[in-house]
Amino acid sequence: MKPCRSQPAQCGLWRRFTFATILLLVAWNIWPQADIWSPAAASCCGLFGLTLMAGLLSKLRLGRAPVESEACPISEVDQQEPEAETAAETETDPICVLVNRMLVHGRQALLLRPELAANLTSEQRQKAQHDLSDAMSVVAGGDVGISPWEIDDDPEGGYPTEHNDRKETVNAFWLDRLQASNLQFQGFVDECGYENESFWSICVRKQIGNFVDKTQMPGPRFWEQGKFPAGLEDHPVVGICWYEAEAFARWQGKRLPSDAEWLIAACGPLNSDDDGHSVQRLYPWGQDPKTGVANLWGSELTNGGKVGTVATNSLPDGATNTGIQQLLGNAWEWMASEFRISNNAEELILDHPVKILRGGAYDSYFGDQATCQLQSGDCPLARKHNIGFRCAVTAS
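The following paragraphs examine the structure supplied in this document. Keep in mind it's a predicted model, so treat the numbers as computed, not measured. (Residues numbered from 1 in each chain as written. Predicted model: local features only at pLDDT ≥ 70, side-chain atom pairs only at ≥ 80, totals over all residues. Heavy atoms only, no water.)

## Quick notes on the overall build of the protein
Right, so step 1: Counting its regular elements, the protein contains 11 helices and 17 strands.
Right, so step 2: Taking all 396 residues of the protein together, 47% fall into the buried category.
Right, so step 3: Intrachain contacts of the protein at a sequence separation of at least 6 include 70% that bridge at least 24 residues.
Right, so step 4: Carbon and sulfur atoms make up 53% of the accessible area of the protein, which amounts to about 20,000 Å² in all. (Helix = DSSP H or I, 4+ residues; strand = E, 2+ residues; numbered from the N terminus. Buried < 20%, exposed > 50% of the residue type's maximum accessible area, 1.4 Å probe, protein only. Contact = heavy atoms within 4.5 Å. Areas by Shrake-Rupley, 256 points an atom, 1.4 Å probe, with all protein chains shown as cover.)

## Structural notes on the packing of helix 5 (residues 94-104) against helix 8 (residues 122-135)
Right, so step 1: The interhelical angle for the contact between helix 5 and helix 8, taken along N-to-C directions, is 10°, at an axis separation of 11 Å. Viewed along their axes, helix 5 and helix 8 adopt a mutual orientation that is roughly parallel. Along the contact surface, helix 5 presents Cys96, Val99 and Leu103, while helix 8 presents Gln124, Lys127, Ala128 and Asp131. (Axes fitted to C-alpha atoms, helices over the stretch in contact; angles between N-to-C directions. Parallel < 35°, antiparallel > 145°, perpendicular 65-115°, else oblique.)

## What about the state of the cysteines?
Right, so step 1: Inspection of every chain in the model, using the stated rule, returns 0 disulfides.
Right, so step 2: Take Cys379: it sits in no disulfide, and the sulfur closest to it among the cysteines is that of Cys241, at 8.5 Å.
Right, so step 3: Relative accessible area serves as the criterion here: at 29%, Cys379 is assigned to the partly exposed category. (Disulfide = S-S within 2.5 Å.)

## Examining the sheet that holds strand 15 (residues 375-378)
Right, so step 1: Pairing within the open sheet is mixed, and its 4 strands lie in the order 15-14-11-16. Of all the strands in the sheet, just strand 15 and strand 16 (387-388) have a single pairing partner and so form its edges.
Right, so step 2: As defined by bridge partners, strand 11 (residues 332-338) adjoins strand 16 across 2 bridges and the pair is classed as parallel. Among the inter-strand pairings, Trp332 is bridged to a residue of strand 16, identified as Ile387. (Pairing = 2+ DSSP bridges.)

## What about helix 10 (residues 242-251)?
Right, so step 1: Counting buried positions along helix 10 gives 9 out of 10 residues, so the element sits mostly inside the fold.
Right, so step 2: Two residues or fewer after helix 10 comes Gly253, characterised by a positive phi angle close to 80°.

## As for the environment of Leu103
Right, so step 1: Here Leu103 shows up in helix 5.
Right, so step 2: Taking relative accessible area as the criterion, Leu103 reaches 10% and is therefore assigned buried.
Right, so step 3: Here the alpha-carbon distance between Leu103 and Gln252, two residues 149 residues apart in the chain, equals 9.9 Å.
Right, so step 4: Those residues within four positions of Leu103 in sequence are excluded, and the remaining contacts are Gln108, Leu111, Lys127, Ala128 and Asp131.

Have a look at this one:
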């Protein structure tokens, strides 16, 4: 005869207590490799960790420990199964509430980091993995050719060259299938993303208060009262600067893609043609231009006469072979990389920071001019009507 094992409910409380402890360790940068979490995890972990810790400590103190005199046969203990949590218990369990809230807001990448994933239930982990696979596509690594922006006598001041002068090797990563939408960004606003400095780069924290909408509420430039325009929930969020895009990505446990990553997702890795020349796709869908597959200047003829953004999932025929949509058109996309410009192969030093933009927008370029090598740049504080973004995650 041996003492019975601890009650399942008590074991569940210890699991929750461990989860809350990890949240706090990550938030305080004590956990190993916590630097890869901060500032994204620090903010979400600290508050919830403290709240959960207090509640769970109270429950553990009140819980009845097994009495030594109580005993039962080993065979009976071995056959015992943990009692299933009722629906009501699940709805009020602080861990379940937190996990479900994070899943609703598309924060699966954060949940699936090893330190937190180990404390999820199998159902929660499967749900997070399923949702992440639906929202993002794996992009294989390889070499990608990057056309530099060169200065000439063109009145526009420069152009991307047709040849791929610079090659860069990219490791496999995940990329959002769709551009970030107004509805997704609404979650960031509603969850006080503009009030939580830990999501933001240190250099811009004193300016967060300037990132307001038409009514001086925190949010994208063209929103009102902290809400996106009615009927545009599935359109790309625009009117956000580079720092706002970066903060949102951190909140989701993601990041902005590098220039090379975006390019290899759009045009694929470099291959050799019959003559031994390095080639890659001109367009996300292949080598030939198509009509009606990208929302570019002049495409309103195929968009029912509409001039402006369209739903992020409305042009599936322009997707890559891995299902990534609208890499050309609709809205420019912020890159993590710095904008480079050269003159006769010599790189010039810009007198102010500029971030790379990729893909073009609904009001830039005709369809036959828009290729994967389209590149522009803007001040990271710019909040324009035609600039959005999508997020990436490093493949583990």
